[in-house]
Amino acid sequence: MPNQWDIRRVLILLTRSWWWPVGIGLASVMAAKLYLRYTTSIYKSDATIQIELERSSLVKSNQGSMGGFISMENIADSYVELFMTYDLVQQAVRELKLDWEVYSLGKVGRSLIFPTPFWIEAADTLLINGQNFWGLFPIEVEIYEGQRDFIIRKNDSVFCKGKVGEWVQCGNGKLRITSAREDGSFPFGDFLIERQPERIAISSWQRKVSVTPKRGLTAWLISVTDISPSRAQSFLQKLLEHAREYERGLRQVYYQKAIQYIDTLLLVVKEDLDKAHDSLFRKEQKTDMPFVETRRERAIELFSQIDAQKLGKPEEEALQALEAQLSRLLKELQGSPEAVLYPISVLPSTPTELRPVIESINQLIERRELLMQRYTPTSPPLLSLRQTLLKNLQHLEYLISELRRLNAEQLRKQRQEWIQKRKQIYEDIFSKRQFSLQEEDVILRQSIYKSLLEKKIEYSIEKEAISSAIRITQPPTFIAAPISPNPIQVYVIGIFLGIVIGVGGVLLWHLINQKVSYRSDIEGLSPIPVIGELPYAKGQKGVFPFSRLQIEVLRSLRSALGFLWEENSPRVLIVTSTVSGEGKSFVARGMAYAYALSGYRVLLIDTDLRRATISHEVGVLDKGLSLLLAAPSQVSHPEEYIVPMGREGLYFLSSGPIPPNPTELLDSPFLSRLIQSLSDRFDYFVLDTSPIGLVPDTLSVMRNLPSSVTLYVFRAEYSRIPFLKHLEEMIKIHRLQKVYLLFNGTRLSRPRYGYGYGYGYYGNGYSRRYYGTSTGSPSVWRRIRELLPV
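Everything numeric in this text was worked out from a predicted model, so none of it was measured.

(A) How the structure looks around the sheet that holds strand E18 (residues 602-606). Strand order in the open sheet formed by 8 strands is E16-E23-E22-E17-E21-E18-E20-E19, and the pairing between neighbours is mixed. The sheet is open, and its two edges are formed by strand E16 (530-535) and strand E19 (642-644), each paired on a single side. Here the strands of the sheet are splayed against their neighbours by 25° on average, with no regard to which way each runs. Pairing geometry for E19 and strand E20 (residues 650-653), over 3 bridges, is antiparallel. The residue of E20 that forms the bridge with Pro644 is Tyr651. Running at roughly 150° to strand E21 (residues 684-688), helix H18 (residues 670-678) makes contact with strand E17 (571-577), E18, E19, E20 and E21 of the sheet.

Structure follows, in structure tokens:
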């Protein structure tokens, strides 16, 4: 796949495959032309109206005032539906008789005639061949010029004849064709008459009407689309005429509905107002509303008294201090017997119940201090005193916990009493609020009742003086150009799609065909060096079918290969490829021919023992290399198998008869010995081998001739990219040396980077001028291609 893309390569690729996008583009243009020719054109007629509803009290303003009954958005929706109302469209369809369509038949297609040129009058019960006449449509009518005769037929079956304007017997009744024109004239020719049921025609015309806002909700654009511009204009004109009267009646209905709705609301509000008065009175009696404030003041006073009776914080702090001192004394007393004990301090807030116990403990502590001065800590008096002190401390600890429990119980009872009083306070507050809300509800209902009475009087006055709010600011237009399909748009889209599909197809095909066209691409993909490229030549025949440009390239390639051989070994050039058809044999003959042009003695050996392309072209098949390799001891003079090729210094050794074991023959050392024995007679040996990707014959030859140079042929736009991957694997596996790639079959119109081998820079024109074969001025197409940046 190409590894490099630029605008230059894309342009060259498109110039080579120009017929593809051009062909698809022309096909798209023809398709667009056929589409425009046979499709039905759609025309549109527009009209602009102004809806003046701002002064109507029935409609709310955009700011949402309190006076309106219906919002402007709802009114706008009703006006959108107004122009598509069944009754309104029915009036326009009946007046214009749009359920009846007359088409003029031509050689190709048909065209609508509007206004309708004639009518067919018949009874609803008219039967023709057992079928109702009005159920036979569409029918064909042919009116002859001069005689004013007509024929009515259905599917080439004539069922009525006569003269226009006269009653004619047809089936079980009579019918007549009358003129619809003011002057009473009749058209002549073939006509197709289609008649739809009225409801289907009305439904069809409803779908053709569209209403869109133009400026806010007051200016609207009314549009009608149809296959006839004049019919669309006439229908829209009728629609607007009837819409004004229909809209006035619609607004009167709105007013009447509003008044009726207000009456219903007045009854509901009056009933609710009476219920609200009664409920307010009962609520006032039930909750004793005059005494609510008095109960609230008493409850707050009681709450203050209860809150003052809670345990004070100083007493709690005194108990905490006593617990801390008690804990310290117990810890010291239970610890070291020699510990110094300090008396318990008494705070002003210390409960009186605890003071006697504390004083007795302090006395025991003082007595212990006196005995500590006389006795040892382990003496019996101190031990007895220590036990007494411990009992008093534990008793004090019990009193403190019991006092805490009593305080907590008292606080719990006070809180319960306080909760009950608080509940009464909130119930009174809630009752007062409910009473206030009910009182406000009564006042609100009174105001609503008064407002509804005023609005009813206002709507009754406006209803009697109502007028249409529709004002036509732009009458229906007549536009001769269709809106669909748009010819310019269709052609532009067709050409654009043709170019995109054409160009995309060329590029996509170039990407997915897995072939290489440019030397710059293969240089990035090849695992071996690219030594050159050989141009393509068309129309050459013979054993040496080389153009003069190709000969120049072969000479350059010959010079490049001259530096690759070792000095003391035979100069052997092996030419191979992956598959057949890549130009392997062509390149082998070309290289042999190029060496012969320089005066060297060259032996071209056809080592393709399976196909032998060169041997077939030269016509030497009875003896050759296969015989020399199969029985080398029986051949004393191998020169007898070598034949000249029509060029001085150029000789050929054919492949010989096809052997049953070509791989084994080429794998033997006799080929190397043969070339070594002939090296004193020939300067170069060119070997045309089998395709390396199909059979292993070439690998045997390359293994027996390690000093040889291998030329791997890769053909442009023929060889596939996976061939290079296969070549890379074979080089790694068999450790091949001196393998070079020749890019064969390139065209001069392709991009190349560098000079190549003489031809790339100058081009084919240089070859013609150099050899004196110029054919005159270049063609027009070549001049166009020279203008491209390629």
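(B) Spotlight on helix H5 (residues 198-208). Within H5, the full set of buried residues consists of Ala201, Ile202, Ser204, Trp205 and Lys208. One face of H5 carries all of its buried residues, which in axial projection span an arc of 160°. Within H5, the exposed residues directed more than 90 degrees away from the buried face are Arg199 and Arg207. Its buried side turned inward, H5 meets helix H4 (86-96), strand E13 (209-215), strand E14 (219-226) and helix H6 (229-287).

(C) Spatial organisation of the side chain of Glu582. Tracing the sequence through the fold places Glu582 in the loop between E17 and helix H14 (584-597). Although buried, Glu582 forms no salt bridge, and the nearest oppositely charged side chain, Arg715, lies 8.1 Å from it. Separated by 2.9 Å, the side chain of Glu582 and the backbone nitrogen of Thr578 make a polar contact. At 2.8 Å, the side chain of Glu582 forms a polar contact with the backbone nitrogen of Val579.

(D) Representation of the packing of aromatic side chains in the model. Tallying each qualifying case throughout the model produces 21 aromatic pairs. Pairing Phe118 with Phe191 gives two aromatic rings, centres 5.5 Å apart and planes at 75°, and the pair type is edge-to-face. Taken together, the residues Phe118 in strand E4 (residues 118-122) and Phe191 in strand E12 (residues 189-195) connect sequence positions 73 residues apart. Neither residue differs from the other here; Phe118 and Phe191 are each classed as buried. Ring plane angle 35° and centroid distance 5.0 Å describe the contact between Phe544 and Tyr593, whose orientation is recorded as tilted. With Phe544 in the loop between E16 and helix H13 (548-561) and Tyr593 in helix H14, this residue pair connects regions lying 49 residues apart in the sequence.

(E) Quick look at the packing of H4 against H6. One way to put it is that H4 packs onto H6 with a least axis distance of 9 Å and a crossing angle of 135°. Taken as axis vectors, H4 and H6 run oblique relative to one another. As H4 packs across H6, the resulting crossing turns out to be right-handed. Residues Asp87, Leu88, Val89, Gln91, Ala92, Val93, Glu95 and Leu96 of H4 form the contact with H6, whose own contacting residues are Ser234, Phe235, Lys238, Leu239, His242, Ala243 and Tyr246. Residue classes in the contact of H4 with H6 are distributed as 9 nonpolar, 3 polar and 3 charged.

(F) Just the packing of helix H2 (residues 19-38) against helix H11 (residues 487-512), in detail. As a packed pair, H2 and H11 sit with axes 8 Å apart at the nearest point and diverge in direction by 155°. In terms of orientation, H2 and H11 fall into the roughly antiparallel class. At the point where H2 passes H11, the crossing takes the right-handed sense. For the pair H2 and H11, contact is made by Trp20, Pro21, Ile24, Gly25, Ser28, Val29, Ala32, Lys33, Tyr35 and Leu36 and by Pro487, Val490, Tyr491, Gly494, Ile495, Gly498, Ile501, Gly502, Val503, Gly505 and Val506, respectively. Of the residues in the contact of H2 with H11, the class split is 14 nonpolar, 6 polar and 1 charged.

(G) Summary view of the sheet that holds strand E11 (residues 173-179). Strand order across the open sheet formed by 3 strands is E4-E11-E10, with antiparallel pairing between neighbours. The open sheet is flanked by E4 and strand E10 (168-170), the only strands paired with a single partner. Averaged over all pairs of adjacent strands, the angle between strand axes in this sheet comes to 35°, irrespective of strand direction. In the sheet, E4 pairs with E11 via 5 bridges, with the strands oriented antiparallel. The partner of Phe118 across the bridge, within E11, is Ser179.

(H) Representation of empty space enclosed by the protein in the model. In the structure shown here, the tally under the stated rule is 3 cavities of 30 Å³ or more. A volume near 60 Å³ is recorded for the second largest cavity. Taken together, Leu333, Pro337, Arg368, Met372, Pro377, Leu382, Leu383 and Arg386 make up the full set of residues lining the second largest cavity. When residues of the lining of the second largest cavity are traced back to their parent elements, those giving at least two are helix H9 (355-374) and helix H10 (380-464). Ranked by residue count, the leading element in the lining of the second largest cavity is H10, at 3 residues. When grouped by side-chain class, the residues that make up the lining of the second largest cavity number 6 nonpolar, no polar and 2 charged.

(I) Structural view of the environment of Leu136. In this fold, Leu136 is placed in the loop between strand E6 (131-132) and strand E7 (139-143). Classification of Leu136 by relative accessible area gives buried; the value is 9%. For the pair formed by Leu136 and Lys154, sequence separation is 18 residues and the distance between their alpha carbons is 7.7 Å.

(J) Geometry of the nonpolar core. Leu625, Leu653, Phe685, Leu687, Tyr712, Phe714 and Leu741 are the most contacted members of the largest nonpolar core, which totals 44 residues. Looking at this core element by element, the count peaks at 5 residues for helix H20 (residues 722-734). Setting aside residues no more than four positions away along its own chain, Leu653 makes contact with Leu603, Leu604, Ile605, Asp606, Gly624, Leu625, Leu628, Tyr641, Ile642 and Leu674.

Rules and cut-offs
- Residue positions are counted from 1 within each chain, in the order its sequence is given.
- For a predicted model such as this one, the threshold for reporting local features is a pLDDT of at least 70, and the threshold for listing and counting side-chain atom pairs is 80 or more; totals across whole chains, interfaces and linings nevertheless cover every residue.
- Computation of side-chain values: all heavy atoms of the structure, hydrogens and water removed.
- Two strands pair under a simple rule: DSSP has to find at least two bridges between them.
- Numbering of helices and strands runs from the N terminus, with a helix taken as a DSSP run of H or I at least four residues long and a strand as a DSSP run of E at least two residues long.
- For helices, the fitted axis covers only the stretch in contact; all axes are lines through C-alpha atoms, and the angles between them, taken along N-to-C directions, range from 0 to 180 degrees.
- Contacts are residue-level and defined by heavy atoms, with any inter-residue pair within 4.5 Å sufficient.
- For every residue, the accessible area obtained with a 1.4 Å probe (protein chains only) is divided by the maximum for its type, and the residue is called buried under 20%, exposed over 50%, and partly exposed between those limits.
- This arc corresponds to the set of directions leading from the helix axis out to the C-beta atoms.
- Counted as positive: Lys and Arg. Counted as negative: Asp and Glu, with His and the chain ends omitted from the count.
- Here a salt bridge means any side-chain nitrogen of Lys or Arg lying within 4 Å of a carboxyl oxygen belonging to Asp or Glu.
- Polar contact is defined as a pair of N or O atoms within 3.5 Å, subject to the rule that within protein one atom must be able to donate a hydrogen and the other to accept it, and that residues adjacent in sequence are counted only when both atoms are side-chain atoms.
- Each aromatic pair joins two rings of Phe, Tyr and Trp (for Trp, the six-membered one) with centres within 6.5 Å, and gets the label stacked for planes under 30 degrees apart, edge-to-face for over 60, and tilted for any other angle.
- In what follows, roughly perpendicular refers to angles from 65 to 115 degrees, roughly parallel to angles under 35, roughly antiparallel to angles over 145, and oblique to any angle outside these ranges.
- Crossing handedness is read from the near helix: turned anticlockwise from the far helix by less than a right angle, it gives a left-handed crossing, and turned clockwise, a right-handed one.
- For this classification, Asp, Glu, Lys and Arg are treated as charged, while Ala, Val, Leu, Ile, Met, Phe, Trp, Tyr, Cys and Pro are nonpolar and the rest, including Gly, are polar.
- Put plainly, a pocket is an open set of points on a 1 Å grid over the protein atoms alone with protein on both sides within 12 Å along at least five of seven lines, a cavity is a set where a 1.4 Å probe fits but cannot get out, and a lining residue has an atom within 4 Å of a point.
- Grid points are joined across faces, edges and corners, and a volume is the space filled by probe spheres set on the points.
- In plain words, nonpolar cores are sets of buried Ala, Val, Leu, Ile, Met, Phe, Trp, Tyr and Cys residues tied together by side-chain atoms within 4.5 Å.

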